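So the chains spell out like this:
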Amino acid sequence: MARKTSTLAMIAAGVGGAAVAGYGLAMGRDAWRSTKRNQSTIVILLAIAGAVALPFLGGRNLVRGHDRGLTATLFLTLIGSTALIAIGLVLAFFLFTAVFHQADEALVGAAFLAVCTTGAITLLGVVWGSFQRPGRRKLFATAKFNDQFLAEQGFTETGGEDITHYDPSGQPLRFLEQHADRLVFMVVGRRGKRTYITLDSDGRMQNYSGV
């Protein structure tokens, strides 16, 4: 099993996370009651948003690059992204069917438009993800380099707040802040004392100053 990349390694590399929350999923019970009179409008707006956003995200996530193992790649990248595209297709079909009503000819037309629209949006997501891929791969490579640097130096990450790391000599440290050229730590138990890990222009760790 691959060792999990440390938080500090990712911070130095500039790897961040993004969270996408849907209005329908995040809506609380009270908020739902307050909008109950407009449920049909809300459902339509959510369907439109889903028909556009889900295929875009699915196409983007297929190609933008991830730091995942084989299992996560299979379920999250491949199956998960395909599921987003499929859900978007169903929502698009629902919307076009609502516009054209229920005639057999209308259903065929709705299906055709849903496929074309979803395909175009998915392709747009793939193009966007392709532009993001080189930068993301570089960030992940930098994070792995930093993780190896920390391991070779003998740093230990605690996951705590008062003491976030132990340096190679066993000195407790607290991570304070990141600058373009260094990471700054407070030496716990030694007032005003700071230590640093220097970074190059790509965020790769270079040297540890020591206490």
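Everything in this summary refers to the structure shown in the same document. Quick caveat, the model's predicted, so the values are computed rather than measured. (Residues numbered from 1 in each chain as written. Predicted model: local features only at pLDDT ≥ 70, side-chain atom pairs only at ≥ 80, totals over all residues. Heavy atoms only, no water.)

1. Comments concerning helix 5 (residues 70–100)
Over its 31 residues, helix 5 extends 43 Å from the first C-alpha to the last, a length consistent with the 45 Å expected when each residue adds 1.5 Å. Among the residues of helix 5, those classed as buried are Thr77, Ser81, Ile85, Gly88, Ala92, Leu95 and Thr97. (Helix = DSSP H or I, 4+ residues; strand = E, 2+ residues; numbered from the N terminus. Expected span 1.5 Å × (residues − 1). Buried < 20%, exposed > 50% of the residue type's maximum accessible area, 1.4 Å probe, protein only.)

2. Section: helix 4 (residues 39–63)
Between its first and last C-alpha, helix 4 extends 36 Å over 25 residues, near the 36 Å set by a 1.5 Å rise per residue. For helix 4, the principal kink sits at Gly50 and spans about 25 degrees. Looking at helix 4, one finds that the buried residues are Ile42, Ala47, Gly50, Ala51, Leu54, Pro55, Leu57, Gly58, Gly59, Arg60 and Asn61. With its phi angle positive at about 95 degrees, Gly65 sits one or two positions after the end of helix 4. (Bend = angle between axes of the 7 residues up to and from the residue.)

3. Digging into the pairing of strand 3 (residues 172–178)
As defined by bridge partners, strand 2 (residues 165–166) adjoins strand 3 across 2 bridges and the pair is classed as antiparallel. Across the sheet, Tyr166 pairs through a bridge with Pro172, a residue of strand 3. Linking strand 2 back to strand 3 in an antiparallel pair, the connection comprises 5 residues, with Gly170 at a positive phi of about 90 degrees. In this structure, strand 3 lies alongside strand 4 (residues 182–187), joined through 5 bridges in antiparallel fashion. Paired with Arg174 across the strands is Met186, a residue of strand 4. A loop of 3 residues connects strand 3 with strand 4, the two strands running antiparallel in sequence. (Pairing = 2+ DSSP bridges.)

4. Topic: the pattern of salt bridges
Summed over all chains, the structure comprises 3 salt bridges. One salt bridge connects Asp67 with Lys144, and the closest N-O pair in it is separated by 3.5 Å. Taken together, the positions of Asp67 in the loop between helix 4 and helix 5 and Lys144 in helix 6 (residues 104–153) put the pair 77 residues apart, joining distant regions of the chain. Classification of Asp67 by relative accessible area gives partly exposed; the value is 38%. In this structure, Asp202 and Lys138 form a salt bridge, with 3.2 Å as the shortest nitrogen-oxygen distance. A residue pair is termed long-range when its members are at least 10 positions apart, and Asp202 in the loop between strand 5 (194–199) and strand 6 (205–208) and Lys138 in helix 6 qualify at 64 residues. What makes Asp202 partly exposed here is its relative accessible area of 35%. Judged by relative accessible area, Lys138 falls into the partly exposed class, the value being 47%. (Salt bridge = Lys/Arg side-chain N within 4 Å of Asp/Glu carboxyl O.)

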